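# Residue-level structure breakdown
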Amino acid sequence: MTELPRIHPDDYCDEDLPRLAQPWWQTLPGNFHALPDHFLADNDTRWRIDYTASIDTLARTGLASMAGAAALPATLNITRQKEERALADFYRPFLQEEDPNTFFARPTQTANIERIPVASYHFQPEDGDAHTLRFRSPFEPKNPALRDRYLGHRRNRTAWAQHWRHHGEPRPTLIMIHGFVADPYWLNTRWLALPWFYKQGFDVLLYTLPFHGRRKGRFAPFSGAEFFSQGMALLNETFAHAIHDLRLFMDYLREQGTPAMGATGISLGGYTTGLLAALEDELAFAIPNVPLVSIIDLMQSWFPINLQVGLLKKVYGTDLQGLREVTALHSPLTWPCKVPQAGRMIIGGAGDRFAPPKHSHLLHQHWGNCDLHWFPGNHLLHLDQGLYLKAMRDFMKAALGEKTGAARG
């Protein structure tokens with residue numbers, strides 16, 4: 001008998017939340033970050049949600065303090081403030097384009113990908129092999145005024161991933177995108193039970209986002225510190241770089257013969273998965289896990305980094321709607337999803353206070369009320385994870401069948 005999840009998709013109480021309307025950065029209420037997240041649940045489930053939510057709030061404050069401290073020097077730099085507004089204006093016309101690939105352009109050069117056997121402490125498949133992949137990224141920023149500054153991060157110009165591949169015929173590949181500061185392969189291997197997915201018949205690619213892991217600058221205080229700390233203009237280029245290099249890895253998977261591929265990601269990786277789903281119509285499935293959808297609204301809910309939102313308004317000479325617009329280019333809410341409806345699924349934590357449920361709810365609306373699985377845990381502690389892992393597996397296999405059938409038709 002199949003065990004049912006504790007929280008049904010309809011148990012989320014959305015009476016206080018708006019219906020998504022475009023352009024979302026103008027129509028989303030100014031107090032969106034403060035709107036409550038409520039679920040219909042029995043006492044036992046309610047206790048689990050409330051308990052894990054309180055843990056998340058404490059952990060979130062620590063991460064927000066780190067991220068805020070990393071971003072503050074650039075934000076307070078008077079010279080940089082004067083430049084930043086003009087740099088950000090460069091990206092506004094791209095929001096008027098119908099095709100997001102106008103900005104997130106496909107790679108025009110190929111990558112010479114090097115394969116290195118993984119260290120012994122990483123996952124070692126018995127019926128396959130595991131390699132670290134790397135290549136020198138040919139990415140160049142869209143904004144010529146940022147070219148030298150962005151490419152000056154030399155370690156960030158090498159792309160990294162870990163690839164687990166079965167022996168024999170190529171298998172469908174699950175692409176995994178990690179969260180902010182949570183890049184170690186060993187962490188994601190265990191946290192998201194990736195060896196289990198491998199044993200279910202999927203090859204796996206673990207992708208490293210820009211400025212994380214080995215892409216981190218030598219003097220960065222922590223992995224990922226440079227991702228958000230260099231201004232909104234450079235953040236646009238960082239997401240463009242993330243998509244560019246990921247597409248080159250996807251090209252590599254196609255060259256290796258993978259019959260299909262899909263993506264999942266957690267937190268910031270879920271946000272990136274949502275963006276990728278708006279760009280790549282060849283994905284069989286996209287499954288953001290505890291995703292965010294608006295970086296500025298997330299900042300407003302994170303103490304003490306919320307105190308810097310007022311400073312950002314002065315830097316960019318705008319209001320909340322304007323800050324949302326500056327970051328809308330890479331939001332999954334801005335663009336239509338290209339993944340077929342049968343391949344869209346969202347995993348949300350009812351007690352999540354890093355990326356609160358309201359973010360998953362908005363993406364659920366934007367994706368046409370797609371499959372949605374709530375678990376009674378927080379951003380870090382995924383209670384009843386076994387249920388959503390099995391739900392993901394079944395969903396992925398069904399989506400692959402739909403994709404294969406459509407291709408044959």
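Attention in this report is confined to the structure presented alongside it. (Residues numbered from 1 in each chain as written. Predicted model: local features only at pLDDT ≥ 70, side-chain atom pairs only at ≥ 80, totals over all residues. Heavy atoms only, no water.)

### Remarks on the packing of helix α8 (residues 232-255) against helix α9 (residues 268-277)
So the rule is basically this: Here the axes come from fitting lines to C-alpha atoms, over the contacting stretch only for helices, and the angles between their N-to-C directions go from 0 to 180 degrees. Each helix is a run of DSSP H or I of at least 4 residues and each strand a run of E of at least 2, with the numbering of both proceeding from the N terminus. Any angle from 65 to 115 degrees is called roughly perpendicular, while one under 35 is roughly parallel, one over 145 is roughly antiparallel, and all others are oblique. Whether two residues are in contact is decided by their heavy atoms: any pair within 4.5 Å suffices. For this classification, Asp, Glu, Lys and Arg are treated as charged, while Ala, Val, Leu, Ile, Met, Phe, Trp, Tyr, Cys and Pro are nonpolar and the rest, including Gly, are polar.
Relative orientation of the contacting elements α8 and α9 amounts to 70 degrees, with a least axis distance of 11 Å. As judged from the angle between their axes, α8 and α9 are roughly perpendicular. Contacts from Phe239, Ile243, Leu246 and Met250 of α8 reach α9 at Leu268, Tyr271, Thr272, Leu275 and Leu276. Taken together, the residues that form the contact of α8 with α9 break down as eight nonpolar, one polar and no charged.

### A few points about α8
The test is simple: One less than the number of residues in a helix, times 1.5 Å, gives the span that helix is expected to have. Accessible area is worked out with a 1.4 Å probe on protein chains only. A residue is then buried under 20% of its type maximum, exposed over 50%, and partly exposed in between.
With 24 residues, α8 extends 35 Å from end C-alpha to end C-alpha; this agrees with the ideal 34 Å at 1.5 Å per step. Of all 24 residues in α8, 21 are buried, a share of seventy percent or more. Note on α8: the residue one or two positions beyond its end, glycine 257, has a positive phi of about 95 degrees.

### Some points on the packing of aromatic side chains
To be explicit about the condition: Ring pairs are drawn from Phe, Tyr and Trp, using the six-membered ring of Trp, whenever the two centres fall within 6.5 Å, and their geometry is named by plane angle: stacked under 30 degrees, edge-to-face over 60, tilted for the rest. Either the NZ atom of lysine or the CZ atom of arginine qualifies as a charge over a ring when it sits within 6 Å of the ring centre and within 35 degrees of the ring normal.
Overall, the coordinates contain 25 aromatic pairs when judged by the stated rule. Connected via pairs of aromatic rings, a cluster forms that spans Phe180, Phe222, Phe227, Phe228, Phe239 and Tyr271. We note arginine 214 situated over the ring of tryptophan 160; from NZ or CZ to the ring centre the distance is 4.3 Å.

### Notes on the nonpolar core
For clarity, the cut-off: The criterion is simple. A nonpolar core is a set of buried Ala, Val, Leu, Ile, Met, Phe, Trp, Tyr and Cys residues joined through side-chain atoms within 4.5 Å.
Core analysis: the biggest nonpolar cluster contains 97 residues, and Phe104, Ile175, Phe239, Phe249, Leu329 and Trp367 have the highest contact counts within it. The element best represented in this core is α8, accounting for 14 residues. For leucine 329, the residues in contact, after removing those within four places along its chain, are Tyr91, Phe94, Leu95, Phe103, Phe104, Asn236, Leu275 and Trp335. The next biggest cluster of nonpolar side chains, apart from the first, holds 34 residues, and it includes Phe197, Ile266, Leu389 and Phe395.

### Notes on the pattern of salt bridges
Think of it this way: side chains of opposite charge can pair up when their charged atoms draw near. Note the following rule: For salt bridges, the criterion is a side-chain nitrogen of Lys or Arg within 4 Å of an Asp or Glu carboxyl oxygen.
If you walk through the whole model with that rule in mind, you get 21 salt bridges. Notably, a salt bridge pairs arginine 215 with aspartate 245, separated by 2.7 Å at the nearest N-O pair. Placement of the pair is arginine 215 in the loop between β7 (203-207) and α7 (225-228) and aspartate 245 in helix α8, with a sequence separation of 30 residues. Of the charged contacts in the structure, one is a salt bridge between arginine 324 and aspartate 297, with a shortest N-O distance of 2.8 Å.

### Some words on the side chain of arginine 165
Tracing the backbone shows arginine 165 in strand β5 (residues 158-166). Not counting chain neighbours up to four residues away, the residues in contact with arginine 165 comprise Arg115, Gly128, Asp129, Tyr198, Asp203 and Gln256.

All quantities given are derived from atomic positions and should not be read as evidence of function.
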